[in-house]
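Breakdown of the fold
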Amino acid sequence: MRMVLNNYYTEFFDEDEDRVYERFAREVEGQGFTDAWFIKKDGTVLVAK
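This section reports on the structure supplied with the text.

Cut-offs used in this document
- Position labels on residues start from 1 in each chain and follow its written sequence.
- Local features in this predicted model are restricted to residues of pLDDT 70 or higher, and side-chain atom pairs are both shown and tallied only at a pLDDT of 80 or more, whereas totals for entire chains, interfaces and linings draw on every residue.
- Side-chain figures throughout are based on the complete set of non-hydrogen atoms in the structure, without hydrogens or water.
- In these notes, a set of buried Ala, Val, Leu, Ile, Met, Phe, Trp, Tyr and Cys residues joined through side-chain atoms within 4.5 Å is what counts as a nonpolar core.
- Between buried and exposed lies partly exposed: a residue is buried under 20% and exposed over 50% of the maximum accessible area for its type, with that area taken using a 1.4 Å probe on protein chains only.
- Comment: elements are numbered from the N terminus, with helices defined as DSSP H or I runs of at least four residues and strands as E runs of at least two.
- The rule is short: rings of Phe, Tyr and Trp, with Trp giving its six-membered ring, pair when the centres are within 6.5 Å, and they are stacked under 30 degrees, edge-to-face over 60, tilted in between.
- A carboxyl oxygen of Asp or Glu within 4 Å of a side-chain nitrogen of Lys or Arg is what we treat as a salt bridge.

Ranked by size, the top nonpolar core spans 8 residues in total: Val20, Tyr21, Phe24, Ala25, Val28, Phe33, Ala36 and Phe38. When residues in this core are grouped by element, the largest group, 5 residues, is from helix H1 (residues 14–29).

Okay, the packing of aromatic side chains next. Counted under the stated rule, the structure contains 3 aromatic pairs. Look at Tyr8 and Tyr9: their rings are 4.8 Å apart centre to centre, the planes differ by 85°, and that puts the pair in the edge-to-face class. By relative accessible area, which is 74% here, Tyr9 ends up exposed. Judged by centre distance (5.4 Å) and plane angle (65°), the rings of Tyr21 and Phe38 are edge-to-face. Taken as a pair, Tyr21 in helix H1 and Phe38 in strand E2 (residues 35–39) lie far apart in primary sequence, 17 residues in all. The class for Phe38 is buried, based on a relative accessible area of 0%.

Looking now at the pattern of salt bridges. The final tally for this structure, using the stated rule, is 4 salt bridges. Two residues, Asp35 and Arg2, come together in a salt bridge whose shortest N-O distance is 3.1 Å. A residue pair is termed long-range when its members are at least 10 positions apart, and Asp35 in strand E2 and Arg2 in strand E1 (residues 2–6) qualify at 33 residues. On the basis of relative accessibility, which here comes to 22%, the residue Asp35 falls in the partly exposed class. Notably, a salt bridge pairs Asp18 with Lys40, separated by 3.4 Å at the nearest N-O pair. Of this pair, Asp18 sits in helix H1 while Lys40 is found in the loop between E2 and strand E3 (45–47), placing the two residues 22 residues apart along the sequence. On the basis of relative accessible area, Asp18 is assigned to the partly exposed category, the value being 35%.

Everything listed is a geometric property; what it means functionally is a separate question.
See the structure below:
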């Protein structure tokens, strides 16, 4: 399973966006995803798994 979260259209900025990523990474850790990507507003892709 793969999960992709695109944060482009949310209201989170800078520090808030980093906190959203941290929570995303924690949540997918125990859910059995083989890939989990978080796309930041600037286009940076962070791989949580």
